[in-house]
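What follows is each chain in one-letter form.
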Amino acid sequence: MDFRFTEEQELLRSAFADFAKEEIAPYAAKWDEEDYVPMGIVPKLGEMGIMGVFVPEEYGGAGLGHVERCMALEEVARYSAGLAMMVFTHHLGVAAILDYGTEEQKQKWLPGMCDGSCVCGLAVTEPGGGSDVAGLKTEAVLDGDTWTINGRKCFITNSHCAGVTVVTCKSGEDEKGRAIMTTIAIEKGTEGFAPGREENKLGLKGSFTGELVMNDVKVPVENTVGEIGKGMPITMKELGEVGRASMSAIELGILRGCLEDAVKFAKERILYGKPISKLQAIQFKIADIRCDYEAARLMTYNAAAMKDAGKVGAEFSMAKYFISEAAVRAARNLSEIMGGYGVVNEYAAGRYLRDAICCLPSCGTSEIQKMIIAGETLKKW
Amino acid sequence: MVILVLVKPVPDPEKYNEIQIDPQTKRILRQDAAAVLDPASKCALEEALRIKSEVEAASGDARCEVIALSMAPQTNRDKILECLAMGADAGYLLSDPAFGGADTYATSYVLAEGAKAILAAEELDAFDLIIAGNESADGATSHVPVQVAEWLGLPHLARVCELQIQREGAEGQEGAGGTPVIAATKKTEEMLLTFRCEEPALVAVTRDINKPRHISAMGIVKARKKPLTIWTNDDLKLDEAKIGAAGSPTKAGELMTPDLSRGGRDLTEEDGSAADAAKAILALLRKEGLGA
């Protein structure tokens, strides 16, 4: 068993890290402070191959896998978890089109999504809830070759910048009255389709989160992503696999920030005539952050490698659950190591904590993950 | 057009605290040191890639091949891969324990012989241009580029901050179809000096010449298909008396850690009041030739 990345993957990580240090790190605090979404960086993310890292070369992507995709997310999230949220949600929509879209849809949308000229989105959650996908109310009615869509989505990342959004809609009911779902791609500018309120979030600033409003939106049936009526498994698969591995990678980036900042601060801060890194109380916290980071790293890349290998399992939920909680824990530990400096915005500790808390509900709360983990465990063991 | 770029792995500046020095030979144990591609090497490669894109854009038929060459331990294969991912068309790594411990003289000899071997392998008469970083982030001697040029009998110019390939017509007029001329500008303390020279030549570029491009995921994927050749001395068959430590006239003297501590003096204790201390400071500054 060998946990090392390949030479090519190490080079890729180093390339992504260099890019993040140069193009993201100097501005991340400002984006957070001003709640600014840096759309100007998206074409650069496209040039780097980050927007389409897992998309085959024939559609303009880099032709790599989800391990490499998670590397990109980790490196971006190391400095801006908010920007990483934009990229991850883009990947989520891209994955739906790649996995279930028609050849025409792939050729039409994927090249622009890879080069950064078109941001993608995936809209599931509604005011009534997100985890209860079967209870969604946004309705799509097919009349001839045209869908008519009505409804409202909320807490949607990329709500105000996506060129194409894959929307999960209720398209009917089965004989037992259960919702039949269909995923439909809606292009920006389609009449009746517009972003609504933009949320003022606690953290993950640097990405749009808001409403999408659909009033009699007419969409050609060609925009159906996957088979009509298969929206539920499509949504669950993408959220469950691409989504949870991605969230793990973003939280891993936050964890690394906590680890690096904790070590740096502890070595530089002098108390009682010596660096606080010499104090056991500080060392214990650093050890906790390091253990959380290393475990998170293994779980993230295991989930990503499972996705690449076409395997399914509760490991995606285990990673998301453990790392979500670990990132909050690590950010708190960092804040405590830094004392008063940990609560002033001149340092990143507070941002890490706010970002980590905002990651908790994305792609399912810890409780949802635990239900999935327990379900599989009780079935298998 | 074929451009050879000399590149060098150097110890990773973020891991200088991990560098080990052999107490006997007083050399860095490069085999174990975390390395990065030297920043000046990246500038050299960027310059070559810029020229390549200009040459190929100027004419649909024109081809410009960029070849990266380095002498380093085999653990630095990934640095050549990095050059290929950045856009080089081929890469060569000269790597043999016999090359180890070389000073700039022996290093430049191996690189020059490597360059000749590439010409033979690629069936080329000559490189049109050789570009190197002016000085590396570790040794910073600036010796190697010009020494390589001397071994190869080429004209050379160091500290180049601007580089152009110009075409001169028969009457000395610039034109697309004329003889290519290297126009290289170097910065001195007083002025910018531009030198013009027919190909081939070697130029050593400074880090302010450009900002090297980022390596993209697509570049890394493309690098998979590009040739990366590793040659040992079994391939080059160089005289062992001319390479490595044996071929190096430079011998390291003593290693020492300079004392950079800045001891302060509390003048208030020595002289009593703050006013007296201020006078004392003034006197000290005057003694050092500062202040009226």
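Residues numbered from 1 in each chain as written. Chains lettered and ligands numbered in written order. Predicted model: local features only at pLDDT ≥ 70, side-chain atom pairs only at ≥ 80, totals over all residues. Heavy atoms only, no water.

## Concerning the domain arrangement of chain A
Many analyses report the size of an interface as the accessible area lost when the parts associate.
All names here are of chain A.
Phase 1: Parsing chain A into structural domains produces domain 1 (7-118), domain 2 (122-229) and domain 3 (233-380).
Phase 2: Domain 1 and domain 2 are separated by 23 Å when their C-alpha centres are compared.
Phase 3: If you look at the interface, domain 1 gives 26 residues, while domain 2 gives 20 residues.
Phase 4: Interface of domain 1 and domain 2: buried area, both sides summed, is about 1,900 Å²; carbon and sulfur atoms make up 65% of it.
Phase 5: If you sort the residues of domain 1 by the area they bury against domain 2, Asp 35, Val 37 and Trp 109 come out on top, with a joint share of 27%.
Phase 6: Between domain 1 and domain 2 we count one salt bridge in total.
Phase 7: A salt bridge links Glu 187 to Lys 108; the nearest nitrogen and oxygen atoms lie 3.4 Å apart. (Domains from an automatic or database assignment. Contact = heavy atoms within 4.5 Å. Buried area = accessible area lost by both parts, 1.4 Å probe. Salt bridge = Lys/Arg side-chain N within 4 Å of Asp/Glu carboxyl O.)

## Concerning the nonpolar core
Phase 1: Residues Ile 250 of chain A together with Ile 131 and Leu 163 of chain B are the most contacted members of the largest nonpolar core, which totals 144 residues.
Phase 2: By residue number, the principal contributor to this core is helix α7 (residues 231-268) of chain A, which donates 14 residues.
Phase 3: Those residues within four positions of Leu 163 of chain B in sequence are excluded, and the remaining contacts are Glu 47, Arg 50, Ile 51, Leu 129, Ile 131, Ile 182, Ala 183, Ala 184, Val 203 and Ile 209 of chain B.
Phase 4: Core analysis: the next-biggest nonpolar cluster, separate from the first, contains 29 residues, Leu 6, Tyr 92, Val 148 and Ala 149 of chain B among them. (Core = buried A, V, L, I, M, F, W, Y, C linked by side-chain atoms within 4.5 Å. Buried < 20%, exposed > 50% of the residue type's maximum accessible area, 1.4 Å probe, protein only. Helix = DSSP H or I, 4+ residues; strand = E, 2+ residues; numbered from the N terminus.)

## Observations regarding the interface of chain B and chain A
Phase 1: Tallying the contact residues gives 16 residues for chain B and 20 residues for chain A.
Phase 2: Roughly 1,500 Å² is buried in total at the junction of chain B and chain A, and carbon and sulfur atoms are behind 60% of that figure.
Phase 3: The largest share of the area that chain B buries against chain A comes from His 214, Met 218 and Ile 220 of chain B, three residues that together contribute 36% of it.
Phase 4: For the pair chain B and chain A, the number of links is four salt bridges.
Phase 5: Two residues, Glu 22 of chain A and Lys 211 of chain B, come together in a salt bridge whose shortest N-O distance is 2.6 Å.
Phase 6: Here chain B is connected to chain A by five residue pairs in polar contact (both at pLDDT 80 or more).
Phase 7: Secondary structure elements with two or more residues in the side of chain B that touches chain A: α2 (77-86) and α5 (217-223) of chain B.
Phase 8: Per element, the largest residue contribution to the side of chain B that touches chain A is five residues, and it comes from α2 of chain B.
Phase 9: Classifying every residue of the side of chain B that touches chain A gives seven nonpolar, two polar and seven charged. (Polar contact = N/O pair within 3.5 Å; in protein donor to acceptor, adjacent residues only side chain to side chain. Nonpolar A, V, L, I, M, F, W, Y, C, P; charged D, E, K, R; others polar.)

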